[in-house]
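Read off the chains here:
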Amino acid sequence: VNFFLTPYDVIQLKNNLNISSQEFLDKYTFLPIDENQNHPVIMLRLNQDEVKSCPLVGPEGCTVYEDRPWSCRMFPLGVASPKEINGSSEEDFYFIIEEPVCKGYFEPNTWTVGEWIRDQKVEEYDEMGKLFKEISLHDYFQKGKKLDFPKLEMFYTVCYNIDKFREFVFESTFLKRFDVADGVVEKIKTDDKELLKFGFQWLKYCLFGEKTMKVKVKEGDA
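Model, not experiment: these values are computed from the prediction.

Cut-offs and rules
Residues numbered from 1 in each chain as written. Predicted model: local features only at pLDDT ≥ 70, side-chain atom pairs only at ≥ 80, totals over all residues. Heavy atoms only, no water. Pairing = 2+ DSSP bridges. Helix = DSSP H or I, 4+ residues; strand = E, 2+ residues; numbered from the N terminus. Buried < 20%, exposed > 50% of the residue type's maximum accessible area, 1.4 Å probe, protein only. Axes fitted to C-alpha atoms, helices over the stretch in contact; angles between N-to-C directions. Left-handed = near helix turned anticlockwise from the far one by under 90°. Contact = heavy atoms within 4.5 Å. Nonpolar A, V, L, I, M, F, W, Y, C, P; charged D, E, K, R; others polar.

Peer 1: Tell me about the sheet that holds strand S2 (residues 29-30), and name the residues and values.
Peer 2: If you trace the three strands from one edge of the open sheet to the other, you get S1-S3-S2, paired in antiparallel fashion. Strands at the two margins of the open sheet, each flanked by one partner only, are strand S1 (4-5) and S2. Strand direction decides the pairing type here: S2 and strand S3 (residues 42-44), joined by two bridges, are antiparallel. The partner of Thr 29 across the bridge, within S3, is Leu 44.

Here it is in structure tokens:
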């Protein structure tokens with residue numbers, strides 16, 4: 001089973017477990033290497049037992065249920081993005097994943113896609129997923145361009161190691177070089193979700209050259 005984690009999954013899980021993003025990445029994930037990948041992706045490191053069980057499931061069930069990943073919330077509903085497959089502009093479409101181990105198939109209730117998404121509280125995950133797709137499916141990649149190592153490292157840091165990205169913003173000269181509103185600075189000091197949103201804007205600037213950040217004007221330049 002390939003269990004990919006989104007940037008927002010990582011934030012929710014590491015906060016649920018009350019550990020740093022670095023500790024979560026080290027203990028629960030691995031980075032698959034594929035020369036066809038445009039950018040880093042991470043996968044959940046499953047237990048090395050016969051059934052490749054989830055390390056976040058205990059004797060009583062899921063230990064992080066309230067903050068379970070997007071994939072777990074959606075199951076058995078799958079979603080495909082034509083743009084991911086062939087660069088199409090068509091909208092995402094949904095399908096059912098039939099697994100005999102899922103007891104839900106034996107329940108009498110029926111659900112619409114919208115009802116299931118609302119019941120499983122997927123909306124916030126979809127909101128953050130949409131912002132991530134603006135980076136991961138950017139036209140830069142569709143044109144066949146590749147990121148060099150420093151940019152790959154920045155992509156990985158912003159998307160998956162949010163605590164390290166916060167250090168980059170607040171413990172370097174970043175805020176002296178870029179004009180960031182005071183209200184935004186206050187939010188990203190402690191709010192991981194807001195910091196991730198800010199990070200996506202930063203990636204558009206530093207990876208793709210979009211004008212999403214404002215450079216401070218030095219007195220001499222003025």
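Peer 1: Please give an account of helix H1 (residues 7-16) that cites residues and values.
Peer 2: The buried fraction of H1 is high, at eight of 10 residues. Every buried residue belonging to H1 is among Pro 7, Tyr 8, Asp 9, Val 10, Ile 11, Gln 12, Leu 13 and Lys 14, and all of these are buried. Among the residues trailing H1, Asn 18 stands out with phi positive, at a value near 60°.

Peer 1: Outline the packing of helix H9 (residues 162-170) against helix H11 (residues 182-190), listing residues and values.
Peer 2: At a minimum axis distance of 10 Å, the contact between H9 and H11 shows a crossing angle of 145°. Between H9 and H11 the crossing geometry is left-handed. From H9, Arg 166, Val 169 and Phe 170 reach across to H11, where they touch Val 185, Ile 188, Lys 189 and Thr 190. Here the residues of the contact of H9 with H11 sort into four nonpolar, one polar and two charged.

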